[in-house]
Amino acid sequence: MRAKGQGVEEMLTVDQKDVIRREYFLKRKSMRRIAREMGHSRKTVRKAVHDPGIPVYTLEKPRPKRVIGPFVELIVQWMEEDKKRPLKQRHTAKRIYERLRDGYGYEGTDRTVRREVRSLRGRIPESHVPQTYEAADGGTFDFGTARVILGGREQEVDLACMRLDYSTKFFVCALPSQKQEALFESHIRGFKYLGGVPCRMRYDNMKTAVAKVTRGKSRLEQELWVSFRSHFPFEAVYCNAGEAQEKGSVENLVGYVRRNFLVPMPQVRDFSELNRFLLERCEQDARTRKRFDKTVQEVWQEEEASLRPLPERLPEACLPGSAKVNRRQWIRFAGNWYSVPPEYVGQRVTTRAFAFKLEIACKDKIIAEHERSYGHNDEILDPHHYLPVLLRKPGAFDRATAIVKWPLPPVYERYHQMLKERHEGSRGTKEYIQVLMLLKEHAQSEVTAAVEKALSLGIGCFDGVKNLLFQRQAPSRPWRPLDVASPLVRSNRVDHFDLLTRP
């Protein structure tokens, strides 16, 4: 006990506080007298008089953090770096714990990390209402966004997330947009991955599915969406306007994927590699996360038997349309230009827009297929659509947009220069155009090897390159010695070279 009169607060028991209050209120003693008689400081007596509650111990100094202490500075650094990152793609306490455990030798519990992160952030966690689901009873779907390093450039991509309510197994894929064709594509992929279709699916009121929000639970749905989902036997349920928490599980899933799969940002070449990465993480999550004292994968295997099967014939995840081909061999679709073969100039063609490609058809025949662009006024041109025209108009070759943008190896331009030097007028360019036409039917690596050999041997014609290409592709046959003294050779005066190269 500290010396009296120094103004230092002492820790009293409930009984001691009761005695002090009796002395003060019943016997009418002063605080000074009570402090002197009972050996307490006047500050302690004063607090006991005004506060009859159970005393609470207050630390004068914070307890030392022996386990988490050495890592607090690193946690603060990560939280500071997060301020420069997208709001929805920052570290969670779980992700911080995993990084400390896996990469920095942290041996404490995840609970300690969560408590420290909560203390640093000063936030109160939000409460949730527990829900109970039956197998194959329902699922949820939502779109979200995340930032990744795609093709060497940081950019935002769209995430489609589908989750089964009972097993909580989920599917995630990355798409270049949230358009209707992306909605269709993600559902086909999701149902295939999850092994079937639940009885009902919950959505928010996204415009790709809902044309108009009416009174109550009823919705006026988009015709193409109704046509698409009619192939799958599920009921579509929509949240009340502004009540996204009604499908909170999948709302949380979007954030879960961003924080646990995409921190730090993955570096991938294209969407195919990114989706393979996401699929692997979905599988890993199902094998490790627990549900009903089992792994999610084990619970899903039980639920899979109750899911409704996919239709024998899946719908195509595309939007139909039409366009007219202009004199540049272009059609315009969604603000961009796409090329078609020259024989369709002036005709009306049909289009089928998928999430990653655009198909162009005429009279049920596909005449062109392009990678889908989501830019504005982009020119997506196939050089092979222009080579037949350039063969008739070789003077336009050097500045033809489709040729200028064609990323061919440098050996092609060197061979073109040799052909122009070897032939007079436009003949060299025509020979070169015919060489480029080989790329439509043969692999670029094979044609490139033939061009390189022709350049090294000084063969300056299309027929020579074609012959070298066919020699590479023909099955190897053993050489047989030629008897130049045979009567056949002598009588017909056939050259040795002709006999060796004759098919």
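Rules and cut-offs
- Residues numbered from 1 in each chain as written.
- Predicted model: local features only at pLDDT ≥ 70, side-chain atom pairs only at ≥ 80, totals over all residues.
- Heavy atoms only, no water.
- Helix = DSSP H or I, 4+ residues; strand = E, 2+ residues; numbered from the N terminus.
- Buried < 20%, exposed > 50% of the residue type's maximum accessible area, 1.4 Å probe, protein only.
- Contact = heavy atoms within 4.5 Å.
- Areas by Shrake-Rupley, 256 points an atom, 1.4 Å probe, with all protein chains shown as cover.
- Axes fitted to C-alpha atoms, helices over the stretch in contact; angles between N-to-C directions.
- Parallel < 35°, antiparallel > 145°, perpendicular 65-115°, else oblique.
- Left-handed = near helix turned anticlockwise from the far one by under 90°.
- Nonpolar A, V, L, I, M, F, W, Y, C, P; charged D, E, K, R; others polar.
- Pairing = 2+ DSSP bridges.
- Core = buried A, V, L, I, M, F, W, Y, C linked by side-chain atoms within 4.5 Å.

A. The overall build of the protein, seen in detail. Broken down by element type, the protein carries 19 helices and 17 strands. Within the span of the protein, comprising 503 residues, buried residues form 42% of the whole. Put simply, of all contacts in the protein between residues at least 6 apart along the chain, 61% involve residues at least 24 apart. Roughly 30400 Å² of accessible area belongs to the protein as shown, and the carbon and sulfur atoms make up 49% of that amount.

B. Geometry of the packing of helix H5 (residues 93-103) against helix H6 (residues 110-121). It is at 9 Å that the axes of H5 and H6 come closest, and there the two elements cross at 125 degrees. Accordingly, the angle class assigned to the pair H5 and H6 is oblique. In this structure, H5 crosses over H6, and the sense of that crossing is right-handed. Residues Ala-93, Ile-96, Tyr-97 and Leu-100 of H5 touch H6, and the partners they reach there are Asp-110, Val-113, Arg-114, Val-117 and Arg-121. Of the residues that constitute the contact of H5 with H6, the class distribution is 6 nonpolar, no polar and 3 charged.

C. Structural detail: the pairing of strand E15 (residues 357-362). Within E15, 5 of the 6 residues are buried, which leaves it mostly tucked inside the rest of the structure. Bridge count between strand E14 (residues 348-353) and E15: 4 bridges; the pairing is antiparallel. Within E15, the residue paired with Thr-351 across the bridge is Ile-360. Connecting the antiparallel pair E14 and E15 is a turn made up of 3 residues. Bridging between E15 and strand E16 (residues 365-371) involves 6 bridges; their strand directions are antiparallel. Across the sheet, the residue bridging to Ala-361 is Ile-366, located in E16.

D. Main features of the sheet that holds strand E17 (residues 379-380). A sheet is described by the order of its strands in space; here 3 strands give the open sequence E12-E13-E17, paired in mixed fashion. Of all the strands in the sheet, just strand E12 (330-333) and E17 have a single pairing partner and so form its edges. Two elements, E12 and strand E13 (residues 336-339), share 4 bridges in a ladder whose sense is antiparallel. By the bridge assignment for E13, Arg-332 is matched with Trp-337.

E. Quick peek at the nonpolar core. Residues Phe-141, Leu-159, Tyr-203, Trp-225, Phe-234 and Ile-360 are the most contacted members of the largest nonpolar core, which totals 68 residues. Residues contacting Leu-159, with those up to four places away along its chain left out, are Asp-142, Phe-143, Gly-144, Thr-145, Ala-146, Val-172, Cys-173, Ala-174, Val-257, Arg-258, Leu-262 and Leu-278. If you look at the next biggest cluster of nonpolar residues, it comprises 29 residues, including Tyr-386, Ala-402, Leu-439 and Phe-462.

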